[in-house]
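One-letter residues, chain by chain:
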Amino acid sequence: MICFLLFLGIFWLYYQVIFFDFVEYDEATVLLAHPNLYNETDFFASLKAIFIDYFPREEPLLFRDITWAIDSYFFGFRNPLGYHLGNVLLNSLNSVLIFLFLYGLRKQVFLSLIIAITFGVHPIHVEPVCWIMGRKDMLVAFFMLLTLLIQHRMFNTNDPIQKNTWYLLSILTLILALLSKINALTFCIVMFLHHVFYPYLSTQMSDNQELSISWALKKIFPVYIPHILISLCIYYWYNTILTTWGLMDRGIDSSSLSHLKTVLIFTPIIIGLYIKLLFYPFGYSVHYRWPSYDFPIEFHDIWVSGFIVCVLMLLGIFFYKNKKSFFFFYLCFFVIMVPYFNIVYIGIWMTNRYLYFSSLCILTCCVWWVSEQVKHQWITFVIGISCSMISIALVLMTINYQKSWQHNQSLCAYEVTIDRPSLSSHASLAASYLKFAKKESSPIQKNELLRQADELIQQGFTLLNDLKIRPDSAYHTNLLYLQGILSRYKNEPIDTQLGYLMKAYQFRPFELSVLGRIAWIYYEQALSIKTSSEVEYLASQSLNFYQQCLFHLPKDMVLRYNCLQRLNHGYAKDFPFLKHRVDALIEKLGTGDY
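A word on the pattern of salt bridges. Any two side chains of opposite charge can pair, so long as their charged atoms come close to each other. On inspection of all chains with the given rule, the structure shows 15 salt bridges. A salt bridge links E455 to R451, with the nearest nitrogen and oxygen atoms 2.9 Å apart. Pair noted here: E455 and R451 are both in helix α20 (residues 443–466), with a separation of four residues, about one helical turn. Because the salt bridges share partners, they merge into one network encompassing D294, R470 and D472.

Moving on: the packing of helix α1 (residues 2–13) against helix α5 (residues 80–106). At a closest axis distance of 9 Å, the pairing of α1 and α5 adopts a crossing angle of 145 degrees. In the packing of α1 onto α5, the handedness of the crossing is right-handed. Each of I2, C3, L6, F7, I10 and F11 in α1 lies in contact with α5, whose residues at this interface are L85, V88, L89, N91, S92, L93, S95, V96, F99 and L100. Across the contact of α1 with α5, the residue classes break down as 13 nonpolar, three polar and no charged.

To continue, consider the environment of H194. Following the sequence through the fold, H194 ends up in helix α10 (residues 187–201). Ignoring any residue separated from it by four or fewer positions in sequence, one finds H194 in contact with F101, L105, L148, Q151, H152, F155, L201 and F328. Of note is the side chain of H194, whose polar atom sits 2.9 Å from the side chain of Q151.

This part is about the environment of S206. For S206, the position within the fold is in the loop between α10 and α11 (213–220). It is 8.8 Å that separates the C-alpha atoms of S206 and S325, two residues lying 119 residues apart in sequence. At 3.0 Å, the side chain of S206 and the side chain of N208 are in polar contact.

Here the focus is the packing of aromatic side chains. Think of a pair of aromatic rings as described by two things: how far the centres are apart, and how the planes are tilted against each other in angle. Considering all chains together, one arrives at 45 aromatic pairs under this definition. When the ring of F328 is compared with that of F329, the centres are 5.0 Å apart and the planes differ by 75 degrees; the resulting orientation is edge-to-face. The burial state of F328 is the same as that of F329; both residues are buried. Aromatic pair Y340 and Y354: ring centres 4.1 Å apart, planes at 20 degrees, arrangement stacked. Taken as a pair, Y340 in the loop between α15 (324–337) and α16 (359–372) and Y354 in the loop between α15 and α16 lie far apart in primary sequence, 14 residues in all. You'll find Y340 and Y354 in the same group, each marked buried. The positively charged end of R106 is found above the aromatic ring belonging to W368, 4.0 Å away from the centroid. Directly above the ring of Y103 sits K107, whose terminal nitrogen or CZ lies 5.7 Å from the centroid.

Residues I213, L217, F221, I225, L229 and L232 make up a contiguous nonpolar surface patch of about 530 Å² in total accessible area. Mapped onto the nonpolar patch, the elements with two or more residues apiece are α11 and α12 (225–244). With three residues, the single largest contributor to the nonpolar patch is α12. Residue placement: I225 occurs in helix α12. Accessibility expressed as a relative area gives 36% for I225, which makes it partly exposed.

Contact pair α5 / α16: the axes reach a minimum separation of 13 Å and the direction vectors enclose 45 degrees. Taken together, α5 and α16 sit at an angle that is classed as oblique. In this structure, α5 crosses over α16, and the sense of that crossing is right-handed. Residue-level contacts link I98, L102, L105 and R106 of α5 to L360, T364 and W368 of α16. When grouped by side-chain class, the residues that make up the contact of α5 with α16 number five nonpolar, one polar and one charged.

Parameters and conventions
Residues numbered from 1 in each chain as written. Predicted model: local features only at pLDDT ≥ 70, side-chain atom pairs only at ≥ 80, totals over all residues. Heavy atoms only, no water. Salt bridge = Lys/Arg side-chain N within 4 Å of Asp/Glu carboxyl O. Helix = DSSP H or I, 4+ residues; strand = E, 2+ residues; numbered from the N terminus. Axes fitted to C-alpha atoms, helices over the stretch in contact; angles between N-to-C directions. Left-handed = near helix turned anticlockwise from the far one by under 90°. Contact = heavy atoms within 4.5 Å. Nonpolar A, V, L, I, M, F, W, Y, C, P; charged D, E, K, R; others polar. Polar contact = N/O pair within 3.5 Å; in protein donor to acceptor, adjacent residues only side chain to side chain. Phe/Tyr/Trp six-rings, centres within 6.5 Å; stacked < 30°, edge-to-face > 60°. Buried < 20%, exposed > 50% of the residue type's maximum accessible area, 1.4 Å probe, protein only. Lys NZ or Arg CZ within 6 Å of the ring centre and 35° of its normal. Patch = residues over 30% accessible without salt bridge, like charges linked within 9 Å, V, L, I, M, F, W, Y side chains within 5 Å. Areas by Shrake-Rupley, 256 points an atom, 1.4 Å probe, with all protein chains shown as cover. Parallel < 35°, antiparallel > 145°, perpendicular 65-115°, else oblique.

Limitation: the analysis is restricted to geometry and does not speak to function.
Here is the structure:
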């Protein structure tokens, strides 16, 4: 009954999310650009595409893709309801699994329920639940929690057949976790730690009893060698695909001493900021402005980082000596977060969804510690009232933050209004206004949208200049690109449009959106000019930029097919004198030289 009511409560909290729209934050490129993967009329065709036809691909998260294919089949490919419903259901199930896992350890209903409720209502989890792309975060958490529950059953049975069955199931759920999100790579270590510290977690041994590390390595570690090997194999397979797609090279050498220094300084600061976000849930952002390579490391950053390291180490030593059950959760937090520290793959430094599973570790430590301080009945009463008020506040904050995820414009508008907006927030909202302006039939409404977009672009430039962001950054390039689009919608001269785009091209000559836009402007000009010499020049210029666009194109079969279509039915058809160049490009695309 408790599990059922907990599920219903968390589901009700996120019920409105089911009717939210898509947001243009990876959903367009990863999900909506691939109807072949998520076939709304033939589920088995989706499976064939996921495992055979469209493999390997940029994000080979096979189990996540299967769940999206199910959503598409039952609710429609372009219907966001199915994808949102899946996220809300998974989040509710995860809260129930947390309660079952913690209750299984100590049979403490009240404390386990408090932690599960706090996890379920905390606003830091709004992002992965409301964002369709957050499916992988909830799926991996679901299978990791399921694996811990399976191990719990394995530890509490003496039947060899049952024990072996649970053991094999743990391997299966680990594989499913890895195929949901590769960041489950370090979870095999969590499984090992769960086994080692289980006597302390289940109170079979007192927290201050000595732990034999040599015994754990000799007796328990060999049990998890298959799990470790499977994790490493899947990581190698995944890393090979990312390398083939050119996603590992982000302009920074991850093996350099400079990057290692950055990781060592940033990581403690990021941990400190995450803990702050858990206990001070305000100012959440999709893209946090800092830490980032865009800002130089200051001397005080090094001191702050060193101070946090000292505090974390002292706290860890204290837990290991006196509170080994706490130490398990404390250590697991860092183990789970290791793949997010940009050690090898340099991506986003900090985002809310990275805390989806690991936040459980911090919350459990805090609630268990508070419960141990309760010595008198009046303290229990005060803590109970405080927990109720905190829970109500978190629920209200969660409901309020959800509203910003209703659609793309609401999310962009929220990002602009927070105290420290991300560097891309103004550009995102401006792009949203330009999208609406393109479809607007009323001249008055269209001009107002264009005015707002122009104002946001200028605010974006002002923010970047105030923060002294280098002019060749992706943020400047995006704003210049949007200025080019805005100039087109205002019917300004072609030279003005190209002026903005060429400036962006000079800063970042590999930006696909800029290359594609310049190629298209020259293409349109070539079609509108009658003089043969000018047509040849403009068409050649267009193909030159389009060729550069192809050179930097990801190795995506759908994109390649669209490019072949553009070359065949566009350039070759409209400009026959380019046919020999077009044929050469098509041959290169077919052989994979690009």
